[in-house]
Amino acid sequence: MSVSAPITQDVHTIPRKLPEGPVNLVGMTRPAMRDALIAAGTPEKQAKMRVGQIWQWIYQWGVRDFDAMTNLSKTYRADLKEKFVIELPEVVTRQVSDDGTRKYLVRIAGGHEVEVVYIPEEGRGTLCVSSQVGCTLTCSFCHTGTQKLVRNLTAAEIIGQVMVARDDLGEWPEQGAPKNETRLLSNIVLMGMGEPLYNFENVRDAMKIAMDEEGIQLSRRRITLSTSGVVPEIERTADEIGCQLAVSFHATTDEVRDTLVPINKRWNIETLLAALRAYPRGRNSERITFEYVMLHGVNDSDEDARRLVELIGGIPAKINLIPFNEWPGAPYKRSSNNRIRAFADIIYKAGYASPIRTPRGEDIMAACGQLKSATERARKSRKQIAQEAGLAGQ
Ligand code: SAH
Ligand code: SF4
């Protein structure tokens, strides 16, 4: 199926008249920041240059205080301070796993909380970013799917997750990280809570900021967006973001996929594969990642492996096998290691890379699909504390 390509354009998200109260500069695209500065009184002729200066302070140097922006005049800085803020989500808790994985619970406007996970690996470090609070989709093996959508994250809240992680890793140049050294935070995966393609504009704007050459400067090849298969937005992802794509495939027949990933009832395997075949590649090494969660007795037979290979024929792909991470009340069990290895072998012999994802940070409930449990556990313990306090007072 071909979907019509929307015209790529810069979206001006900020009206010419500023709303009441200080406005957060974080999360604005360059054109949006330009509009905001003009609305706040910056002469139009200077606006582009000012955006360039402020942008560098915020995204290259990690500066949060207008007073530190020493190439701006004192009066202009005072002006900015009155009308704008540089604000990030608040880090509520930070946990470090035995394997070095870090998990941050961050609080966003409205008191909602999302989790962000940093996974250090040999020669690179990946940040798993959330795009929504909860998820509207109801994949039956995913704990986030049991939580109703509360809201989409704003672009500020999405790029803010990257910025708080860089704060914690001490990776802004002014904090001493040499520019050319291997980055601690070198990759982003949009694989946290939520379906990124149901929050397209905010995800796009945040990733544009992450890729900007004068800021965080991550290559589009180091950003991977994972979708459950929102077919009409897949072409837009290529056109407007240009990042790598991962797809939560998880089954080889529509019958099984309908139950695991219910969005399949809307866009089935055939429709999804057609959209993936059309996904452009910058180079041969840019393959589509097929994520495949290994569920005991559900989707893990040799026959499934062979069918999978047949289905994806012709698509430059790698298959990421994810051992199912169990959560309380989950209706599935993880496939045995032998089963996973046998499955991987069939795929490998057919010519595809088939890495088995090692669960990371399990001791802090940071592994795929476990993110909601931790928040709930934290909530529960707070509730328990409150109850205990109440009892103690009686
Ligand atoms: N909504 C997007 C991105 C977030 S989920 C998507 O579905 O692709 C990131 C990955 O974790 C997806 O492949 C998802 O299927 C997988 N996942 C969810 N719950 C899991 C669990 N309990 N065990 C293992 N993987 C899980
Ligand atoms: Fe949502 Fe992805 Fe979980 Fe499905 S797997 S419920 S799309 S977060």
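Note that the structure is a prediction, hence the values are computed from the model and not measured.

## A short note on the overall build of the chain
Phase 1: Helix and strand content of the chain: 11 helices and 13 strands.
Phase 2: Out of the 394 residues belonging to the chain, those deemed buried represent 52%.
Phase 3: In the chain, once contacts between residues fewer than 6 apart in sequence are set aside, the share between residues at least 24 apart is 64%.
Phase 4: With the model as given, the accessible surface of the chain reaches about 18200 Å², and the carbon-plus-sulfur share is 49%.

## Observations regarding the site of ligand 2
Phase 1: By nearness alone, every residue bordering ligand 2 is listed as Cys135, Leu137, Cys139, Cys142, Gly145, Gly194 and Ser228.
Phase 2: A molecule is said to occupy a pocket when more than half its atoms come within 2 Å of that pocket's grid points, and by this definition ligand 2 occupies the largest cavity.

## So, the site of ligand 1
Phase 1: Taken together, 21 residues lie around ligand 1, and Gly194, Ser226, Ser248, His250 and Asn325 are the ones closest in.
Phase 2: Here an oxygen atom of ligand 1 sits 2.6 Å away from a polar atom, N or O, in the side chain of serine 226.
Phase 3: Between ligand 1 and histidine 250, the relevant distance is 2.6 Å, taken from an oxygen atom to a side-chain nitrogen or oxygen of the residue.
Phase 4: Summarising the interface, the protein chains cover 95% of the accessible area of ligand 1, which totals 530 Å² for the free molecule.

## Quick notes on the environment of leucine 308
Phase 1: Positionally, leucine 308 belongs in helix 9 (residues 302–311).
Phase 2: Remark: the alpha-carbon pair of leucine 308 and phenylalanine 249, spanning 59 residues in sequence, is separated by 9.4 Å.
Phase 3: Setting aside chain neighbours within four positions, we find leucine 308 in contact with Phe249, Thr252, Tyr292, Ile319, Phe343 and Ile347.

## Points about the side chain of serine 130
Phase 1: Inspection of the secondary structure assignment puts serine 130 in the loop between strand 6 (124–128) and strand 7 (132–133).
Phase 2: Judged by relative accessible area, serine 130 falls into the buried class, the value being 0%.
Phase 3: Residues contacting serine 130, with those up to four places away along its chain left out, are Val114, Glu115, Leu153, Ile158, Gln161, Gly192 and Met193.

## Some details on the pairing of strand 13 (residues 317–323)
Phase 1: Judged by how many residues are buried, strand 13 sits mostly within the fold: six of seven residues are covered.
Phase 2: With seven bridges connecting them, strand 12 (residues 288–294) and strand 13 associate as parallel partners. Across the sheet, residue valine 293 finds its bridge partner in strand 13, namely isoleucine 322.
Phase 3: After leaving strand 12, the chain enters helix 9 and then returns to the sheet as strand 13, a path that is right-handed.

## Quick notes on the environment of isoleucine 364
Phase 1: Within the element layout of this structure, isoleucine 364 appears in the loop between helix 10 (337–349) and helix 11 (371–393).
Phase 2: For the pair isoleucine 364 and valine 96, spaced 268 residues apart in sequence, the C-alpha separation works out to 7.5 Å.
Phase 3: Excluding residues that lie within four positions of it along the chain, isoleucine 364 makes contacts with Gln95, Val96, Ser97, Thr101, Arg102 and Lys103.

## Things to note about empty space enclosed by the protein
Phase 1: Within the structure shown, the criterion is met by two cavities of 30 Å³ or more.
Phase 2: Taken as a whole, the largest cavity holds about 540 Å³ of empty space.
Phase 3: The wall of the largest cavity is formed by 30 residues, among which Phe141, Cys142, Met191, Gly192 and Ser248 lie closest to the centre.
Phase 4: Of all the secondary structure elements, the ones that give two or more residues to the lining of the largest cavity are strand 10 (223–227), strand 12 and strand 13.
Phase 5: Grouping the amino acids of the lining of the largest cavity by side-chain chemistry returns 16 nonpolar, 11 polar and three charged.
Phase 6: Considered as a void within the structure, the second largest cavity measures approximately 40 Å³ in volume.
Phase 7: In terms of residues, the lining of the second largest cavity owes the most to one element, helix 3 (residues 74–83), which gives four residues.
Phase 8: Taken together, the residues that form the lining of the second largest cavity break down as four nonpolar, two polar and two charged.

## Here we look at the packing of aromatic side chains
Phase 1: A full pass over the atoms with the stated rule returns four aromatic pairs.
Phase 2: The ring of tryptophan 55 is capped by arginine 30, whose NZ or CZ atom sits 4.6 Å from the centre of that ring.
Phase 3: Positioned above the aromatic ring of tyrosine 76, the side-chain terminus of arginine 50 is 5.0 Å from the ring centre.

## Here's the deal with the nonpolar core
Phase 1: Within the largest apolar cluster, 107 residues are counted, with the highest numbers of intra-cluster contacts made by Ile54, Phe141, Ile159, Met207, Leu276 and Phe290.
Phase 2: Broken down by element, this core gets its largest block of residues, nine residues, from helix 4 (residues 155–169).
Phase 3: Setting aside chain neighbours within four positions, we find leucine 276 in contact with Ile234, Leu245, Val247, Ile288, Phe290 and Ile315.

How each quantity is defined
- Residues numbered from 1 in each chain as written.
- Chains lettered and ligands numbered in written order.
- Predicted model: local features only at pLDDT ≥ 70, side-chain atom pairs only at ≥ 80, totals over all residues.
- Heavy atoms only, no water.
- Helix = DSSP H or I, 4+ residues; strand = E, 2+ residues; numbered from the N terminus.
- Buried < 20%, exposed > 50% of the residue type's maximum accessible area, 1.4 Å probe, protein only.
- Contact = heavy atoms within 4.5 Å.
- Areas by Shrake-Rupley, 256 points an atom, 1.4 Å probe, with all protein chains shown as cover.
- Near = heavy atom within 4 Å.
- 1 Å grid on protein atoms, 1.4 Å probe; cavity = no way out; pocket = protein on both sides within 12 Å on 5 of 7 lines; lining within 4 Å.
- Sits in = over half its atoms within 2 Å of the grid points.
- Polar contact = N/O pair within 3.5 Å; in protein donor to acceptor, adjacent residues only side chain to side chain.
- Pairing = 2+ DSSP bridges.
- Right-handed = clockwise from strand over helix to strand, strands pointing away.
- Points joined across faces, edges and corners; volume = space filled by probe spheres on them.
- Nonpolar A, V, L, I, M, F, W, Y, C, P; charged D, E, K, R; others polar.
- Phe/Tyr/Trp six-rings, centres within 6.5 Å; stacked < 30°, edge-to-face > 60°.
- Lys NZ or Arg CZ within 6 Å of the ring centre and 35° of its normal.
- Core = buried A, V, L, I, M, F, W, Y, C linked by side-chain atoms within 4.5 Å.

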